[in-house]
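Descriptive structure summary
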Amino acid sequence: MPVARPLTLKQRHGQFLGSIAVAFAVVLLWQIVSGLLFVVPAPARTVAVLASNLTDPDYLVDARETALAVATAFVIGTLLGGLVGLVLGLVKPVRLATEPLIVALNGVPKIVLYPILLPIFQLGGSKIVMGVLFCLFPVLINVAAGVRHIPDVYWKLARSVQASWLQTLVHIILPAIRRPLLTGLRLAVSLAVVGVVLSEFFATRYGLGRVVLQTYGHGDYPEMVATILLLIVVSFTISMLLWRWEKKVQ
Amino acid sequence: MSEINLENVEVAFDTPAGTVVAVSGVTQRVPAQGFVSLVGPSGCGKSTLLSVIAGLTKATGGQVQVGGKVVNGPDRGIGVVFQEDSTLPWRTVLDNVRFALQVAGVDKEGQLERARWAIELVGLKGFADAYPSMLSGGMRQRVALARTLALEPGVVLMDEPFAALDQQTRIFLGAEVRSIWQRSAQTVLFVTHDISEAILLSEQVWVMSYRPGQIIDVIDVDLPAERDPSIVSSHAFNELHNRIWTSLQEESMRGFRQQEGAA
Ligand SMILES: Nc1ncnc2c1ncn2[C@@H]1O[C@H](COP(=O)(O)OP(=O)(O)O)[C@@H](O)[C@H]1O
Ligand SMILES: [Mg+2]
């Protein structure tokens, strides 16, 4: 397994400075664009709106609804994807039989299924199912590939010391696939957000996606951009933390 | 006592190209507390035979007994050291060595105690907290050896454990394996393709032929128990070396021609 070389102090310094520079450039560009376009509020104003939103109980109901849907979708999607990925990685005939189907399914624009899900899972459930559909595949594909690449000798080792199934899973399989698994989880977080919020754009009673659409309808652009900013910042932060964890694992 | 008894052992693999008989009609005995080396051209079935004794591969004919019991599957009383690097990169040396004990359900205290003992035995004291990625190939094989020894198995099977190492390290580690064996009550079967290594380490050498894999020669090594590496220049050593070399060379040539013909 290739071991990622840890960055030197100087490189890490560079990475940190680079991130600051990019963030600064983005805010600057945003500031300039907001001066040119009426629909884009200035960064400072957006942050102010966001801050006041976060103390508004009605807004928090929407935020909680979306957060809960994303979390549920993430947990279900990850467990399901992990389980199916494990089976595909372990059982070659199953993998060979289903691989083309899975690749094809992953290529389907999942959101077109939303109208079909609605009558089955109702407003509250459909966006969770959509979130699951979105975050299932990266976990599944990464876990399956990870399991397939576990060196043969680890299996022999596990068998020779008479490790049980559970011991093999806990002591060999999971740690051996830790990197691809974390990559899958990181992608799954973002995609769960995409699946849920996208669904909320189309039809829902509560949720930040609905807030975005409604504020757009009312022409309340600072409100709209503030909510979009919240979604971006939260997803970005979680991805970032997972990414750093990924880099750190031995 | 853990002697290994092989009775007419046969292993055939079904491959797309037809049946490959990897091991054929092997009837041999490793006496309890003996040290036997198995030499043979690559691809002749050494690993397969070892794997059958370890209970990792099913024989298609005959049977294997270890310590009077028929081998039907893996057994913690039979330790294996694999040719490939089998250290777990996410575990420290100490955690690697206690892996088998952990799986066996030994309590944490016992795990640590026996792991430390094994680590010291293979000369890795001071590296308990290191990760395998910080160690050389030779040290990683020591970790694998320590992990196997920590279970204190009656039988130790080693499959070319030092094949990937440089000559110096290999001679050094070989001497250590022999010295550990001398201080233990273990029965060892050691696979190698290095004739000198086989003679230096063992009490008996089996020569295996290429396809079908049969034991074509069994040579007792009548050398003093204490084997200084300088022994390689002795007359007795050279006689043994010549005899094994001759058997092997014929086999290697035959194997080479078979492979050429098949290609
Ligand atoms: N699982 C397997 N399936 C098919 N053929 C195998 C398998 N394992 C080993 N063989 C074949 O059996 C022969 C002996 O292999 P092996 O025991 O690994 O040889 P050695 O260890 O002496 O180099 C080789 O020709 C190899 O290709
Ligand atoms: Mg081999």
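The structure displayed is predicted, hence computed values, not measured ones. Sequence order as written defines residue numbering, which begins from 1 separately in each chain. Labels follow written order: the first chain is A, the first ligand is 1, and so on. Local features in a predicted model are, by the rule used here, given only for residues with pLDDT of at least 70; side-chain atom pairs are given and counted only at 80 or more, and totals for whole chains, interfaces and linings are based on all residues. Side-chain calculation: all heavy atoms of the structure are included, whereas hydrogens and water are not.

Brief notes about the overall build of chain A
Helix and strand content of chain A: 10 helices and zero strands. Starting at the N terminus, the α and β elements of chain A follow one another as α-α-α-α-α-α-α-α-α-α. When the backbone C-alpha atoms are referred to their principal axes, chain A occupies close to 70 × 55 × 30 Å. The contact criterion used throughout is that any non-hydrogen atoms of two residues lie within 4.5 Å. Sequence-distant contacts, at least 24 apart, represent 72% of the contacts inside chain A between residues at least 6 apart. Only the protein chains shown count as cover for residues, and all accessible areas are computed by the Shrake-Rupley method using a 1.4 Å probe. On chain A, roughly 14,300 Å² of surface is accessible, and the fraction owed to carbon and sulfur atoms is 73%. Charge counting treats Lys and Arg as positive and Asp and Glu as negative, with His and both chain ends excluded. A charge is said to be at NZ when it belongs to Lys, at CZ for Arg, at CG for Asp and at CD for Glu. Taking the average location of the 20 positive side-chain charges in chain A and that of its 10 negative ones, the two points are 18 Å from each other. Every helix listed is a DSSP run of H or I at least four residues long, and every strand listed is a run of E at least two residues long, numbered separately from the N terminus.

Notes on the UniProt feature "domain: ABC transmembrane type-1" (unreviewed entry) in chain A
In the numbering used here, UniProt assigns the "domain: ABC transmembrane type-1" (unreviewed entry) feature to residues 63-242 of chain A. Helix makes up 87% of residues 63-242 of chain A and strand 0%, and the two end C-alpha atoms of the span are 22 Å apart. UniProt positions are given in the numbering used here, feature names are shortened, and annotations may be inferred rather than shown by experiment.

Structural notes on a nonpolar patch on the surface
A cluster of nonpolar side chains, L101, L105, V108, V112, L113, I116, I120 and F121 of chain A, forms an exposed patch at the surface whose accessible area comes to about 700 Å². When contributions to the nonpolar patch are tallied by element, the ones reaching two or more residues are α4 (92-107) and α5 (114-148) of chain A. In this analysis, a patch consists of residues with relative accessible area above 30% that form no salt bridge, clustered at 9 Å for like charges and at 5 Å for the nonpolar side chains Val, Leu, Ile, Met, Phe, Trp and Tyr. Any carboxyl oxygen of Asp or Glu within 4 Å of a side-chain nitrogen of Lys or Arg constitutes a salt bridge here.

Points about empty space enclosed by the protein
Only protein atoms enter the 1 Å grid used here. Points where a 1.4 Å probe fits but cannot escape make up a cavity, open sets with protein on both sides within 12 Å along at least five of seven lines make up a pocket, and a residue lines them when an atom lies within 4 Å of a point. Grid points are joined across faces, edges and corners, and a volume is the space filled by probe spheres set on the points. Counted under the stated rule, the structure contains three cavities of 30 Å³ or more. There is about 90 Å³ of room inside the largest cavity. Looking at the largest cavity, it is lined by 13 residues, and the ones nearest its centre are S160 and V161 of chain A together with G79, V80 and T148 of chain B. Within the residue set of the lining of the largest cavity, elements represented by two or more residues are α6 (152-160) of chain A together with β6 (78-81) and α5 (137-150) of chain B. The element that contributes the greatest number of residues to the lining of the largest cavity is β6 of chain B, accounting for three residues. The nonpolar class holds Ala, Val, Leu, Ile, Met, Phe, Trp, Tyr, Cys and Pro. Asp, Glu, Lys and Arg form the charged class, and all remaining residues, Gly among them, are polar. When the residues that make up the lining of the largest cavity are grouped by side-chain class, the tally is seven nonpolar, three polar and three charged. By volume, the second largest cavity amounts to about 50 Å³. Lining the second largest cavity are L145, L149, V156, M158, V177, I180, W181, Q186 and V188 of chain B. Broken down by element, the residue count for the lining of the second largest cavity peaks at three residues, all from helix α6 (residues 167-182) of chain B. Here the residues of the lining of the second largest cavity sort into eight nonpolar, one polar and no charged.

Comments concerning unusual backbone geometry
Here Q122 of chain A, not a glycine, exhibits a phi torsion of approximately 65 degrees, which is positive. For Q122 of chain A, the position within the fold is in helix α5. Its identity as a non-glycine residue notwithstanding, N8 of chain B has a phi of 50 degrees, on the positive side. Its location among the elements puts N8 of chain B in strand β1 (residues 4-15). Note on classification: 1.4 Å probe, protein chains only; a residue is buried when its accessible area is under 20% of the maximum for its type, exposed when over 50%, partly exposed between these limits. Looking at N8 of chain B, the relative accessible area reads 48%, which means it is partly exposed.

Structural notes on the environment of E176 of chain B
Residues and elements named next belong to chain B. For E176, the position within the fold is in helix α6. Taking the C-alpha atoms as reference, E176 lies 19 Å from F237; in sequence the two are 61 residues apart. If we skip the residues at most four places from it in the chain, E176 touches V122 and R142.

Quick word on the UniProt feature "domain: ABC transporter" (unreviewed entry) in chain B
When the UniProt feature table is mapped onto this chain, "domain: ABC transporter" (unreviewed entry) is found at residues 4-235 of chain B. With 30% helix and 28% strand, the stretch residues 4-235 of chain B has end C-alpha atoms that lie 31 Å from each other.

A closer look at the interface of chain B and chain A
Each partner contributes residues to the interface: chain B has 23 residues there, and chain A has 16 residues. The term buried area refers to how much accessible surface (probe radius 1.4 Å) is lost by two components on association, counted for both of them together. Roughly 1,900 Å² of surface becomes buried between chain B and chain A when both sides are summed, with 64% attributable to carbon and sulfur atoms. Where chain B packs against chain A, one counts one salt bridge. For K156 of chain A, the salt bridge is made with E84 of chain B, and the minimal N-O distance between the two is 3.4 Å. The term polar contact refers here to a pair of N or O atoms within 3.5 Å; inside protein, the definition further demands a hydrogen-donor-capable atom paired with an acceptor-capable atom, and it admits residues adjacent in sequence only when both atoms are side-chain atoms. Taken together, the connections running from chain B to chain A amount to eight residue pairs in polar contact (both at pLDDT 80 or more). Ranked by residue count, the leading element in the side of chain B that touches chain A is helix α3 (residues 99-103) of chain B, at four residues. Residue classes in the side of chain B that touches chain A are distributed as 12 nonpolar, five polar and six charged.

Notes on the site of ligand 1
All names here are of chain B. For this purpose, a residue is taken to be near a molecule or strand whenever a single non-hydrogen atom of the residue falls within 4 Å of it. In the vicinity of ligand 1, the contacting residues are F13, T15, A22, S42, G43, C44, G45, K46, S47, T48 and R211. In the model, an oxygen atom of ligand 1 is placed 3.0 Å from a nitrogen or oxygen of the G45 main chain. Separating an oxygen atom of ligand 1 from a backbone N or O atom of K46 is a distance of 2.9 Å. Taking 560 Å² as the accessible area of ligand 1 by itself, protein coverage stands at 63%. Elements supplying a minimum of two residues to the shell around ligand 1: β1 and α1 (46-53). Among the elements that take part in the shell around ligand 1, α1 stands out by supplying three residues, more than any other. Its residues assigned to classes, the shell around ligand 1 shows three nonpolar, six polar and two charged.

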